[in-house]
Amino acid sequence: MKAITNKISTIFFDIDGTLAEETSWLVLTSKLGADNAVIIKYLSQLKKGEIDLPTANRLVTEHWVETGNAKKEIFERIFTEINIRPEARKVIHALGKKYKVIVISGSMDLYVKSIADRLNLTEYFYNSQLNWDENDNLQAIDYIPDQAQHKLNQVNEYAKKHDEELENYAIVGDGDSDEVLLKNLGLPILFPNNTTPQELHETVQIKIKNLNDLLEIFAQD
């Protein structure tokens, strides 16, 4: 695979489906003892406009709290048990020698920080905030429904802060909430799975089957 590195300064990585095989929301819900079908129902109702965002956030929070396990230490333990891909640490470390590497996810702040810490990354972006009371019990969740656009807004703000252009950035993602970034950043790289939109299969030229493929893509000339 031909090296394409000249214009890239920063590589953004999605987490769920990219750096990690599992979906954090589903793993968390299951390990808390809650029902994924209920969470999926609430999110579907939100997308259809049957409930508004504050109601969806409240219902998800209440469903988790009802398990008796919605405590910060339990969330932290569950998140550390979510496996990252075996090759992720090696690939991130190698790429970090030449590029800025940042994780960007539609998932929760506590989870994204956990993944970033495990990969020794200092910069990360998340789309959902977990709020805790004085005893570290879950109080509320602030979920952003249009995660794809929010990710682009975050990257635009980052680019403005660092006086760079979107063409200077690469994105490695599986589709879904990465779709807008894959269409707007300078070097889109698709890590497809069975939920990746067909349009991205057709329009994104560079695809990988394993994170190790990135070492060839970003190899120095």
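The structure presented is a predicted model; accordingly, all values stated were derived computationally and were not measured.

Any chance you could break down the sheet that holds strand β2 (residues 100-104) for me, citing the residues and the numbers?
Pairing in this open sheet of six strands is parallel, and the strands run β3-β2-β1-β6-β7-β8 from one edge to the other. Two strands close off the open sheet at either side, each with one partner strand: β3 (124-125) and β8 (206-207). For strand β6 (residues 169-173) and strand β7 (residues 187-190), the ladder comprises four bridges, and the chain directions are parallel. Considered in β7, the bridge of glycine 173 is made with leucine 190.

With reference to specific residues and values, describe the nonpolar core.
Generally speaking, soluble globular proteins have nonpolar side chains that are buried together. One finds Phe13, Trp64, Phe75, Leu130, Leu214 and Phe218 to be the most contacted residues of the largest nonpolar core, which totals 58 residues. Looking at which element gives the most residues to this core, the answer is helix α6 (residues 109-118), with five residues. Not counting residues within four places of it along the chain, the set of residues in contact with phenylalanine 75 comprises Leu28, Leu32, Trp64, Asn69, Ala70, Leu110, Leu130, Trp132 and Leu138.

Can you break down the environment of serine 177 residue by residue, with the values?
Positionally, serine 177 belongs in the loop between β6 and α8 (179-184). Through-space distance from the C-alpha of serine 177 to that of alanine 148 is 4.3 Å; in sequence the pair is 29 residues apart. Setting aside residues no more than four positions away along its own chain, serine 177 makes contact with Gln147, Ala148 and Lys151. Reaching out from serine 177, the side chain makes a polar contact with the side chain of lysine 151 at a distance of 3.0 Å.

Residue-level account of the packing of helix α1 (residues 24-32) against helix α4 (residues 72-81), with values.
Running from N to C, α1 and α4 cross one another at 125 degrees; their axes reach a closest spacing of 10 Å. Overall, the two elements α1 and α4 adopt an arrangement that is oblique. Every pair of crossing elements has a handedness; the one defined by α1 and α4 is right-handed. Here Val27, Leu28, Lys31 and Leu32 of α1 come into contact with α4, specifically with Ile74, Phe75, Ile78, Phe79 and Glu81. Of the residues that constitute the contact of α1 with α4, the class distribution is seven nonpolar, no polar and two charged.

Outline helix α7 (residues 147-161), listing residues and values.
With 15 residues, α7 ought to run about 21 Å at 1.5 Å a step, and its terminal C-alpha atoms sit 21 Å apart, in line with that. When α7 is considered as a whole, its buried residues turn out to be Gln147, Ala148, Lys151, Leu152, Gln154, Val155, Tyr158 and Ala159. Axial view of α7: buried residues confined to an arc of 160 degrees, hence all on one face. In α7, the exposed positions angled more than 90 degrees off the buried face are occupied by Glu157, Lys160 and Lys161. Where α7 is buried, its residues touch β1 (10-13), β2, β3, β5 (138-143), β6 and α8. Aspartate 163 occupies a position one or two residues after α7 and carries a positive phi of about 55 degrees.

Which residues make up the packing of helix α2 (residues 36-48) against helix α3 (residues 53-65), and what values do they have?
Packing of α2 against α3 leaves a shortest axis separation of 10 Å and a crossing angle of 175 degrees. Here α2 lies roughly antiparallel to α3, going by the angle between them. Listed contacts from α3 to Val38, Ile39, Tyr42 and Leu46 of α2 are Leu53, Ala56, Leu59, Val60, His63 and Trp64. Taken together, the residues that form the contact of α2 with α3 break down as nine nonpolar, one polar and no charged.

An account of the packing of aromatic side chains is requested, with residue identities and associated values reported.
By the definition in use, this model includes 11 aromatic pairs. For the pair phenylalanine 12 and tyrosine 158, a centre-to-centre distance of 5.8 Å together with 85 degrees between the ring planes defines the contact as edge-to-face. Of this pair, phenylalanine 12 sits in strand β1 while tyrosine 158 is found in helix α7, placing the two residues 146 residues apart along the sequence. Residues phenylalanine 12 and tyrosine 158 agree in their burial class; the two are buried. A ring pair is formed by tryptophan 25 and tyrosine 143, whose centres lie 5.6 Å apart and whose planes are at 85 degrees; its orientation type is edge-to-face. With tryptophan 25 in helix α1 and tyrosine 143 in strand β5, this residue pair connects regions lying 118 residues apart in the sequence. Across this residue pair, the class does not change: tryptophan 25 and tyrosine 143 are buried. Among the aromatic residues, ring-to-ring pairing joins Trp25, Trp64, Phe75, Phe79, Tyr111, Trp132 and Tyr143 into one connected group.

Scoring rules and cut-offs
Residues numbered from 1 in each chain as written. Predicted model: local features only at pLDDT ≥ 70, side-chain atom pairs only at ≥ 80, totals over all residues. Heavy atoms only, no water. Pairing = 2+ DSSP bridges. Helix = DSSP H or I, 4+ residues; strand = E, 2+ residues; numbered from the N terminus. Core = buried A, V, L, I, M, F, W, Y, C linked by side-chain atoms within 4.5 Å. Buried < 20%, exposed > 50% of the residue type's maximum accessible area, 1.4 Å probe, protein only. Contact = heavy atoms within 4.5 Å. Polar contact = N/O pair within 3.5 Å; in protein donor to acceptor, adjacent residues only side chain to side chain. Axes fitted to C-alpha atoms, helices over the stretch in contact; angles between N-to-C directions. Parallel < 35°, antiparallel > 145°, perpendicular 65-115°, else oblique. Left-handed = near helix turned anticlockwise from the far one by under 90°. Nonpolar A, V, L, I, M, F, W, Y, C, P; charged D, E, K, R; others polar. Expected span 1.5 Å × (residues − 1). Arc of directions from axis to C-beta. Phe/Tyr/Trp six-rings, centres within 6.5 Å; stacked < 30°, edge-to-face > 60°.

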